[in-house]
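# Inside the fold
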Amino acid sequence: MKGTYLGEFEEVVLLAVAILAGDAYGASITNEIEQQMGRSVNLGAVHAALHRMEEKGLLSSRLGGATAERGGRSKRFFTVTMAGTKALDNIREIRNRMWSAIPKPA
């Protein structure tokens, strides 16, 4: 996956989309991150990360049906693409290798 750099926040957003498996839209992703990490997340930052990752081919999206609670607007649902899955696998492999390289205390 050379050339596909993910920052920490993008990685967390991508993981949240994977966890939500088909029900990932801006607010649900924000809630998942807040629940998993115990920290506040800006919805605008989540949307910006989603857009960047969709441009990179790591995510795909589709529009859901319009709802009255959203003033007739549709939700945009995101799913992880094959490239996104490979990026997550690569990140996990690198992190595991680095964690394993830490010398054990004597």
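Residues numbered from 1 in each chain as written. Predicted model: local features only at pLDDT ≥ 70, side-chain atom pairs only at ≥ 80, totals over all residues. Heavy atoms only, no water.

## Overview of the packing of aromatic side chains
Short version of the rule: Only centres within 6.5 Å qualify two rings of Phe, Tyr or Trp (six-membered ring in Trp) as a pair; their planes then separate them into stacked at under 30 degrees, edge-to-face at over 60, and tilted for everything else. Strands are runs of DSSP state E lasting at least 2 residues, helices are runs of H or I lasting at least 4, and numbering of each runs from the N terminus.
Per the counting criterion, the structure on display carries one aromatic pair. Each ring, one from Tyr25 and one from Phe77, has its centre 5.6 Å from the other, and the planes form 75°; the classification is edge-to-face. Remark: Phe77 occurs in strand 2 (residues 74-80) and Tyr25 occurs in the loop between helix 1 (8-20) and helix 2 (26-37); sequence separation between them is 52 residues.

## Description of helix 3 (residues 43-55)
Just so we agree on the cut-off: The span one expects for a helix is its residue count, reduced by one, times 1.5 Å. The buried label applies to any residue whose accessible area, calculated with a 1.4 Å probe on protein chains only, is under 20% of its type's maximum; exposed applies above 50%, and partly exposed to all values in between. Directions from the helix axis toward the C-beta atoms define the arc. Polar contact is defined as a pair of N or O atoms within 3.5 Å, subject to the rule that within protein one atom must be able to donate a hydrogen and the other to accept it, and that residues adjacent in sequence are counted only when both atoms are side-chain atoms.
In this model helix 3 runs 19 Å from its N-terminal to its C-terminal C-alpha over 13 residues, within 8% of the 18 Å that 1.5 Å per residue would give. Regarding helix 3, the residues found buried are Val46, Ala49, Leu50 and Met53. One side of helix 3 holds all its buried residues, which, seen down the axis, span an arc of 105°. The N-capping residue of helix 3, defined by a side-chain oxygen 2.6 Å from the backbone nitrogen of Gly44, is Asn42. Downstream of helix 3 by one or two residues, Gly57 has phi in the positive range, about 85°.

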